[in-house]
Amino acid sequence: MRAWPLVLAFSVGCGGAESAPEAPPAQESSQSAQPDTGVWTKFRADRLPDGTMKLSSERLSSGDAAAMQAQLLGEGWVEWHISNPQGSGYSVKPENSNTLVWGALPSQAIDGIYRKGWGCDLAFKVPNFNIAHVQSDGSMYCWRPSTVLEDCYWVDPDASNVGWPRCPLQ
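Residues numbered from 1 in each chain as written. Predicted model: local features only at pLDDT ≥ 70, side-chain atom pairs only at ≥ 80, totals over all residues. Heavy atoms only, no water.

> I'd love a proper account of the overall build of the chain, names of residues and values included.
Assigned secondary structure in the chain consists of 1 helix and 12 strands. Taken over 170 residues, the chain has a buried fraction of 45%. A fraction of 64% describes how many contacts in the chain between residues 6 or more apart in sequence connect residues 24 or more apart. Roughly 8500 Å² of accessible area belongs to the chain as shown, and the carbon and sulfur atoms make up 49% of that amount. (Helix = DSSP H or I, 4+ residues; strand = E, 2+ residues; numbered from the N terminus. Buried < 20%, exposed > 50% of the residue type's maximum accessible area, 1.4 Å probe, protein only. Contact = heavy atoms within 4.5 Å. Areas by Shrake-Rupley, 256 points an atom, 1.4 Å probe, with all protein chains shown as cover.)

And the structure:
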């Protein structure tokens, strides 16, 4: 596994001054699904002046969310809350593919998120049934249903147990 020069900050709490983004409206579907209680977590990756990355994660409140497309499909999902994901340097790894594509509005089925500013060796894993909401300030809110145990997390895409493309699209 690759060693990273990282500073990790992690805090867990309920509520707080920040609130998770509103859940997106329910998608039209021929399947019926009941609303599910889920968990919101806020993630950030910031490059410090010395070149190291500061990763942070903060558990926010639990709450109800309407049935969402990712729940129905069982894939990881990203909702873009920025006007131009590609222009902001975001690329994504689609589910069941090792070829990256540019982030595109309004949303995409994905396995992971990359960003130019994070450099190589850092990506954001969006497990099945999780929905990442990428904000214009660079923060990401991840929602997972209460019935799913795996939350979003940071990965070294080049690690042997991950095997993803190493660097974001340039």
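> Go over the pattern of salt bridges, please, and point to the residues and values.
Scanning all chains against the criterion turns up 5 salt bridges. The partner of Asp137 in a salt bridge is Arg44, with the nearest N and O atoms 3.9 Å apart. Here Arg44 lies in strand β2 (residues 36-47) and Asp137 lies in the loop between β10 (131-135) and β11 (140-145), a separation of 93 residues in the sequence. On the accessibility criterion, Arg44 (21% relative accessible area) is partly exposed. The residue Lys93 makes a salt bridge to Asp111 at a minimum N-O spacing of 3.2 Å. You can see Lys93 sitting in strand β5 (residues 90-93) and its partner Asp111 sitting in the loop between β7 (107-110) and β8 (112-115), a full 18 residues away along the chain. In this structure, Lys93 and Asp111 share a single accessibility class: buried. Overlapping salt bridges bring together Lys93, Asp111 and Lys125 as one network. (Salt bridge = Lys/Arg side-chain N within 4 Å of Asp/Glu carboxyl O.)

> Which residues make up the packing of aromatic side chains, and what are the values?
For the structure shown, the criterion picks out 7 aromatic pairs. Plain terms: the ring middles of Tyr114 and Trp164 are 6.3 Å apart, the flat faces sit at 40° to each other, and that makes the pair tilted. Residue Tyr114 is located in strand β8, and its partner Trp164 is located in the segment after β12 (153-155); the two are separated by 50 residues in the primary sequence. The exposure class assigned to Trp164 is buried, which follows from its relative accessible area of 10%. Among the aromatic side chains, those forming a connected cluster through ring pairs are Phe43, Trp80, Tyr90, Trp118, Phe124 and Trp154. (Phe/Tyr/Trp six-rings, centres within 6.5 Å; stacked < 30°, edge-to-face > 60°.)

> Explain the state of the cysteines to me, using residue names and the numbers behind them.
Evaluated as defined, the whole model comprises 2 disulfides. Paired through a disulfide, Cys120 and Cys167 show a sulfur-sulfur distance of 1.7 Å. Every disulfide takes its handedness from the sign of the S-S torsion; for Cys120 and Cys167 that torsion is 110°, giving right-handed. Linking Cys120 in the loop between β8 and β9 (123-125) with Cys167 in the segment after β12, this pair joins segments that are 47 residues apart in sequence. In the chain, the bonded cysteines, numbered by position in the sequence, are linked as 1-4, 2-3. (Disulfide = S-S within 2.5 Å.)

> Describe the confidence of the model for the chain, listing the residues and the values that go with them.
In the predicted model, the chain carries a mean pLDDT of 76, and the fraction of residues at 70 or more is 71%. Taken as a whole, residues 22-35 scores under 50 in pLDDT and shows 17 contacts with residues more than four places along the chain or in a different chain. (pLDDT = per-residue confidence, 0-100.)

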